[in-house]
Amino acid sequence: MLSPPTKMKQLLNLALLSLGSATLTVGGARSQCSLILTPVSPPSARSHCTAMTVWDRDGAGPLPPALVVAYDVPAPPQQRRQAIVAYDEATNQWTYLARDVGTLVNALVPLSNGRLVAAGNFSSIDGVPAIDLAIFDGTTWSQIGSIQSQAELHAVLEMPNGDLLVGGEFQAIGPHPTLPATGLAAWNGTQWYSLGLPPSLGGTPTIRTLLLRPNGDLVVGGSWGGGWGIPREYIARFDGSQWHPFGPGFDAMVYDLGTLPNGDLCALGYFQFAGPLRVNGIARWDGSAWRAFGAGLQNSVGPGLGYRGLLLPDGDLLVSGMFSVAGNTPAAGLARWNGSSWQAPLPGQWGGGEMAWLHSGKVAMSTGGPTFLSFVQTSCPARVTSVASGCNGPGAAMTAFGSGLPWAGATFHSHTDGVAANGLAFAAYGFQSPAQPLTALHPAGAPGCLLLSSAEVTWFAPAAAGRAASAISFPRATVFLGAQLHHQFLQIEFAASGGLLRVAGSNGLRLEPGAF
């Protein structure tokens, strides 16, 4: 068992007492971590994954989120058919959500109510009439609104009020008479409405990606011929009433938008310049100007295509697309930006397509070649294990849960339910699990309760509605890999008279930090 010096323990405890979060450095043998790619085979797959997401099927229920992918399946000559399947990591099983989608799914989007939306260019799903936009309730598919058959949708965004914003290639939407809407429209559950857009943008626009900024502004990326009061710059911002340029814009299509850990906006696409600045397929907006990611993404014949971006737990950005070089590093369609330079995470492996971060700490990604779908995992995985059952005493049912995994460079969050209205909760972290009865430590210790974490670091965890939460940040380093950190919530209950009534504890969580 590895532990830091006693003086460091004391300093940490003094500095972090009564705080809600902390950064903890623990010792350990330096490990060399590598990424491992494992091809997977969804049922009846032919090729070409076109959409991917992670869907929490039962909300707060016990099921882990599932990977959902849409891909091509065998079809008659001159026709295209797709399937939509969900992958359960716990059972390693694929389940059909749709066996027959007529033509193409471009986007899969989970909603806050637990349902799943599919958007693209199709006329039916498993025989159910549904033009371009459909919703899955866990059992059946149904049409959302009504859309002209000549439309194609590329992006869906759920707004804070529950309305669905859709972007794609269309000039009108809805039943006859149709609503003029150039590439962008919203569905409020009963009807379509526009966002104040003019009926023409100089041809049919293509909206590829939608992003809601923390301040509520909507950012859209794609391609259009000018309009909305802005020139043809492939990216625009809507403040709720008016459209605005986003800086000098780009010189070609924007495919993906995201928010970086520091709040900067990240744009990926098939562009070479942001205004006068050469950026090559990827750029970030720092609030006042576009900035480059080094030399960006390149091919032998010009700028590369940045297609999808995925934030990793430590804040690094994984980028897929059509490029052969990232910065000065050979990278076959897959590259990693660490904040200052580019790396090739899987040398020799062609990336280029959809990506998703899985609950277990893997990346699902579409890859080149006949094995078009793969999982990428690290040789240094992060783990969380529930230890014992905590208290079995009367009135002391506390259950601790971890949210996510303890990754290097990331913050691990946990919470416990069962905090009494007359109780105070504390979060304890330590390098040992004494498994010592609380009755042996204090006369008020509840029978059946165990101390499951030594208290190198302890702080007050305010509770609301019976729930207390805690967070701890791990440094971006590998020196602590292989160590174990124990975590438990402790509760002190008080009687109506103000006297100490009971000391109780949750189950323990054993944290094993990993690095991706």
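Every value quoted in this text rests on a predicted model; they were computed, and no experiment measured them.

Caption draft 1: Local environment of the nonpolar core. Among the nonpolar cores identified, the biggest contains 23 residues, and Tyr429, Ile472, Phe474, Leu485, Phe489 and Leu511 are the most heavily contacted of them. Listed by contribution, the elements that provide at least two residues to this core are β43 (423–430), β46 (457–460), β48 (467–473), β49 (485–494) and β50 (500–512).

Caption draft 2: Focus on the pairing of strand β13 (residues 152–158). Among the seven residues of β13, six are classified as buried, and the element is accordingly described as predominantly covered. As paired strands, β13 and strand β14 (residues 164–169) are joined by six bridges and run antiparallel to one another. Within β14, the residue paired with Ala155 across the bridge is Gly167. Taken together, β13 and the strand that follows it, β14, pair antiparallel across an intervening segment of five residues, in which Gly162 is found at a positive phi of about 95°.

Caption draft 3: Broad picture of the side chain of Asn507. Within the secondary structure, Asn507 is located in strand β50. Separated by 3.0 Å, the side chains of Asn507 and Ser386 make a polar contact. At 2.6 Å, the side chain of Asn507 and the backbone nitrogen of Ala400 are in polar contact. Every residue in contact with Asn507, bar those within four places of it in the chain, is listed here: Ser386, Val387, Ala388, Ser389, Gly390, Met398, Thr399, Ala400, Leu452, His487 and Gln488.

Caption draft 4: Layout of the confidence of the model for the protein. Looking at the protein, the pLDDT average stands at 85 and 88% of residues meet or exceed 70. In the predicted structure, residues 1–31 sits below a pLDDT of 50 and forms 69 contacts with residues beyond four places in sequence or in another chain.

Caption draft 5: Broad picture of the environment of Gly275. Tracing the backbone through its elements, the reader meets Gly275 in the loop between β25 (273–274) and β26 (277–278). Distance from Gly275 to Phe250, taken between C-alpha atoms, is 6.2 Å for residues 25 residues apart in sequence. If we ignore the near neighbours within four places in the chain, the residues touching Gly275 are Pro248 and Gly249.

Caption draft 6: The packing of aromatic side chains, seen in detail. Following the criterion strictly, the structure yields 21 aromatic pairs and no others. Ring geometry for Trp285 versus Trp290: centroids 5.3 Å apart, planes at 65°, classification edge-to-face. Its relative accessible area of 5% is what places Trp290 among the buried residues. Pairwise contacts between aromatic rings join Phe246, Phe250, Phe271, Trp285 and Trp290 into one cluster.

Caption draft 7: Region of interest: the sheet that holds β13. If you trace the four strands from one edge of the open sheet to the other, you get β13-β14-β17-β18, paired in antiparallel fashion. Of all strands in the sheet, those bounded by a partner on one side alone are β13 and β18 (192–193). Bridge count between β14 and strand β17 (residues 184–187): four bridges; the pairing is antiparallel. Counted as the bridge partner of Leu165 is Ala186 from β17.

Thresholds, definitions, all that
- Residues numbered from 1 in each chain as written.
- Predicted model: local features only at pLDDT ≥ 70, side-chain atom pairs only at ≥ 80, totals over all residues.
- Heavy atoms only, no water.
- Core = buried A, V, L, I, M, F, W, Y, C linked by side-chain atoms within 4.5 Å.
- Buried < 20%, exposed > 50% of the residue type's maximum accessible area, 1.4 Å probe, protein only.
- Helix = DSSP H or I, 4+ residues; strand = E, 2+ residues; numbered from the N terminus.
- Pairing = 2+ DSSP bridges.
- Polar contact = N/O pair within 3.5 Å; in protein donor to acceptor, adjacent residues only side chain to side chain.
- Contact = heavy atoms within 4.5 Å.
- pLDDT = per-residue confidence, 0-100.
- Phe/Tyr/Trp six-rings, centres within 6.5 Å; stacked < 30°, edge-to-face > 60°.

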